[in-house]
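In case you want the letters, here they are:
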Amino acid sequence: MTTAALPSVALLIWAGCTIVVCMVDENAGAYPSTTVGYNPTEMTIANATLGEPTPSFACANNSDKCMHFCNTCYNYFGAPTMECLSQLLHHLCLLDYESDMVSLNSTEWCKWGDVSGLYSKLSLCTEEISDCLLIPWPNPLVERAFVDIHTKFFQDCPTEELSDPPPEIVFALVITPICLIPIMVGLVVFKTKNGDGSS
């Protein structure tokens, strides 16, 4: 191997390592063993415990929910694509969240205590589906969904940290330096007239 080929090999090894690191699930535990089998028409994975054909791509775990998400993506999209994630999020998370929010009075939308449970449920739903499909979370699709939710339901909510302070406080903060300037000028003139320039 020549010296010129080494940087590209190092780049390929680095890229391969990056991909492997990103696909490792730290929360993954021991799951039933699977064996890859070959079928002339398609590649399938035969689950050793259930014996059912499942998608040929990896699913985060063998829970019923995850397998349902993975099978849906396999049946309609052929793989866990962002389009599949978009459809699952829309039908399983966003529609529920929107119906729950509509059931509240619109004045309650701005009270965090009233919507925090619904918001957490939405967040967990998006995370669970993304994790099952081995799509990193958060991702641009989920971020866009949350921006849309904020635009639709929370845009008119007052934000405390961005509001102006009461007029009394503004007046006190403005008048204090204005009053201190003549006092400081007078003090400097007084010290200079006395010839005490040392302090």
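Residues numbered from 1 in each chain as written. Predicted model: local features only at pLDDT ≥ 70, side-chain atom pairs only at ≥ 80, totals over all residues. Heavy atoms only, no water.

Attention now moves to a nonpolar patch on the surface. Together, L180, I183, M184, L187 and F190 give the surface a local cluster of nonpolar side chains, amounting to about 520 Å² of exposed area. Along the chain, I183 turns up in helix α6 (residues 167-193). Here I183 falls in the exposed class, since its relative accessible area comes to 54%. (Patch = residues over 30% accessible without salt bridge, like charges linked within 9 Å, V, L, I, M, F, W, Y side chains within 5 Å. Areas by Shrake-Rupley, 256 points an atom, 1.4 Å probe, with all protein chains shown as cover. Salt bridge = Lys/Arg side-chain N within 4 Å of Asp/Glu carboxyl O. Helix = DSSP H or I, 4+ residues; strand = E, 2+ residues; numbered from the N terminus. Buried < 20%, exposed > 50% of the residue type's maximum accessible area, 1.4 Å probe, protein only.)

Pairs can form between side chains of opposite charge whenever their charged atoms are close. In this structure the tally under the stated criterion is 4 salt bridges. The shortest N-O distance in the salt bridge between E128 and K65 comes to 3.6 Å. Highlighted residues: E128 in helix α4 (residues 112-132) and K65 in helix α2 (residues 64-77), separated in sequence by 63 residues. In this structure, E98 engages K152 in a salt bridge whose closest nitrogen and oxygen atoms are separated by 3.4 Å. Here E98, found in helix α3 (residues 82-103), pairs with K152, found in helix α5 (residues 140-154); they are 54 residues apart in sequence, far enough to count as distant.

Across all of its chains, the model carries 5 disulfides by this definition. Covalently, C73 is tied to C84 through a disulfide, its sulfur atoms 1.8 Å apart. Across the S-S bond of C73 and C84 the torsion is about -90°, and the bridge reads as left-handed. Pair noted here: C73 is in helix α2 and C84 is in helix α3, with a separation of 11 residues, a long-range link. Under the relative-accessibility criterion, C84 is labelled buried at 1%. (Disulfide = S-S within 2.5 Å.)

For the protein chain, per-residue confidence averages 74 on the pLDDT scale, and residues scoring 70 or more make up 67% of the total. Here strand β1 (residues 34-38) is the element of the protein chain with the lowest mean pLDDT, 32, and α3 is the one with the highest, 93. (pLDDT = per-residue confidence, 0-100.)

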